[in-house]
Amino acid sequence: MELQIAEINKTHWNGDVYEPSDDTFLLVDVLQQHAKAWNNKWPLCCVELGSGSGYVITSLALLLRQVAGPSFGHPAAHRRTCQLLAVDHSLAAVEATRNTLQAHQVTEVDVIAASLLGPLVDKLRGSVDIMVFNPPYVPTPDEEVERGGIASAWAGGYRGRRIIDRVLQLLPELLSPRGELFMVTVAENEPQGIIEEMLGFGFLGRIAAARQADEEALQILHLWRQPAGLDTGAPAPGQ
Ligand SMILES: C[S@@+](CC[C@H](N)C(=O)[O-])C[C@H]1O[C@@H](n2cnc3c(N)ncnc32)[C@H](O)[C@@H]1O
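Residues numbered from 1 in each chain as written. Predicted model: local features only at pLDDT ≥ 70, side-chain atom pairs only at ≥ 80, totals over all residues. Heavy atoms only, no water.

Undergrad: Describe the site of the ligand, listing the residues and the values that go with them.
TA: Residues in contact with the ligand amount to 19 residues; listed here are only the nearest, T24, G50, D88, L116 and E146. S115 places a polar side-chain atom, nitrogen or oxygen, 3.3 Å from a nitrogen atom of the ligand. Take E146: an N or O atom from its side chain is 2.6 Å from a nitrogen atom of the ligand. For the shell around the ligand, a count of residues per class yields 7 nonpolar, 9 polar and 3 charged. (Near = heavy atom within 4 Å. Polar contact = N/O pair within 3.5 Å; in protein donor to acceptor, adjacent residues only side chain to side chain. Nonpolar A, V, L, I, M, F, W, Y, C, P; charged D, E, K, R; others polar.)

Undergrad: An account of the pairing of strand 6 (residues 203-213) is requested, with residue identities and associated values reported.
TA: The pairing of strand 6 with strand 7 (residues 216-225) spans 10 bridges and is classified as antiparallel. Looking at strand 7, one finds that A209 is bridged to I220. Counting the residues that bridge the hairpin from strand 6 to strand 7 gives 2 residues, and of these D214 lies at a positive phi of roughly 50°. (Pairing = 2+ DSSP bridges. Helix = DSSP H or I, 4+ residues; strand = E, 2+ residues; numbered from the N terminus.)

Undergrad: Go over the pairing of strand 4 (residues 128-133), please, and point to the residues and values.
TA: Summarising burial for strand 4: 6 of the 6 residues are buried, a large majority. Inspection of the sheet shows strand 1 (residues 45-49) paired to strand 4 by 4 bridges, in the parallel sense. Each residue of the ladder has a partner; that of V47, found in strand 4, is M131. Where strand 4 meets strand 5 (residues 175-186), 5 bridges bridge the pair, whose relative direction is parallel. Of the residues in strand 5, the one forming a bridge with I130 is E180. (Buried < 20%, exposed > 50% of the residue type's maximum accessible area, 1.4 Å probe, protein only.)

Undergrad: Could you give an account of the packing of aromatic side chains, with specific residues and numbers?
TA: One pass over the full model with this rule turns up 2 aromatic pairs. With a centroid separation of 5.4 Å and an interplanar angle of 85°, the aromatic rings of F25 and Y55 are classed as edge-to-face. Placement of the pair is F25 in helix 1 (residues 22-34) and Y55 in helix 2 (residues 55-67), with a sequence separation of 30 residues. Exposure remark for Y55: the relative accessible area of 6% places this residue in the buried category. With centroids separated by 6.3 Å and ring planes inclined at 85°, the aromatic side chains of W38 and F182 adopt a geometry described as edge-to-face. Placement of the pair is W38 in the loop between helix 1 and strand 1 and F182 in strand 5, with a sequence separation of 144 residues. You'll find W38 and F182 in the same group, each marked buried. (Phe/Tyr/Trp six-rings, centres within 6.5 Å; stacked < 30°, edge-to-face > 60°.)

Undergrad: How would you explain the sheet that holds strand 2 (residues 83-88) if you had to name every residue and give the values?
TA: Pairing in this open sheet of 7 strands is mixed, and the strands run 3-2-1-4-5-7-6 from one edge to the other. The open sheet has two edge strands, strand 3 (109-113) and strand 6, and neither has a second partner. Each strand axis lies, on average, 15° off the axis of its neighbour in the sheet, ignoring direction. In the packing of helix 1 onto the sheet, the strands contacted are strand 4, strand 5, strand 6 and strand 7, and the crossing angle to strand 6 comes to about 130°. Each of strand 1, strand 4, strand 5, strand 6 and strand 7 touches helix 5 (residues 162-174); the most contacted strand, strand 5, lies at about 170° to it. (Axes fitted to C-alpha atoms, helices over the stretch in contact; angles between N-to-C directions. Contact = heavy atoms within 4.5 Å.)

Undergrad: Tell me about the nonpolar core, and please be specific about residues and values.
TA: Counting residues in each nonpolar core, the largest one holds 73 residues, and the members touching the most others are L117 and M131. The element best represented in this core is helix 2, accounting for 9 residues. Per-domain counts for this core show at least three residues from each of domain 1 (49-120) and domain 2 (134-230). Discounting chain neighbours no more than four positions away, the residues touching M131 are V47, L49, L117, V167, L171, L174, L175, E180, L181 and F182. (Core = buried A, V, L, I, M, F, W, Y, C linked by side-chain atoms within 4.5 Å. Domains from an automatic or database assignment.)

Undergrad: Describe the packing of helix 2 against helix 3 (residues 91-103), with residues and values.
TA: Two numbers describe how helix 2 lies on helix 3: the axes approach to 9 Å, and their chain directions differ by 35°. You can see that helix 2 and helix 3 cross each other, and the crossing is right-handed. Here Y55, I57 and T58 of helix 2 come into contact with helix 3, specifically with T97, T100 and L101. In the contact of helix 2 with helix 3, the residues fall into 3 nonpolar, 3 polar and no charged. (Left-handed = near helix turned anticlockwise from the far one by under 90°.)

This is how it looks when you write it as structure tokens:
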């Protein structure tokens, strides 16, 4: 049974908001393939960083609804719930995400404007079960990172890693003991190197999917905590 995801014709974006593209669709494919596993390992808190049009967070909310429902042995009356949060630093993206959620009648997601998680980091510490991120991953001059406008949707600075590395640094404090991250990368970000680096912080990883799209070798990086955790005392990831 194919689980339902967001519909592109109900998804909102404009010239100031990242249009759902191959990277977006590859990320949602992986979430769709993985969703049945959440029936056994029910997430209580899910966050999408950089929600853009809202296509990904809407798909995630719909997937969770389905695996929590009657076809998976949970009577509708006892449907399990999950706290869902979408964050983007662009006000245009926040508005697009809200419109896309509304067009799909998804009301269970809070949408906030913040850079990465802003002041929410303290509140969410140790509690995020699923984190999803399609970051600005394109290698660019560092001055282009977070310069505002639509370019901040893709400008990733040196090796495309400036924003990615800030998020990797947050992972050890944000993710719950069973927390996992699904993140888009391209070859220039060296995803295999990220997996090796994160091993030192108690995370295991794999490339969950790969696809060549025009000039981009896209991969979805899946990281999760090692069951027993491992603190090597190494410097924070990306430093
Ligand atoms: C590649 S787009 C992905 C959009 C959408 N999630 C998708 O997959 O189609 C990256 C998104 O991250 C947002 N973004 C970039 N830097 C950010 C930051 N520091 N904090 C929050 N959002 C950020 C951009 O505004 C943009 O919407």
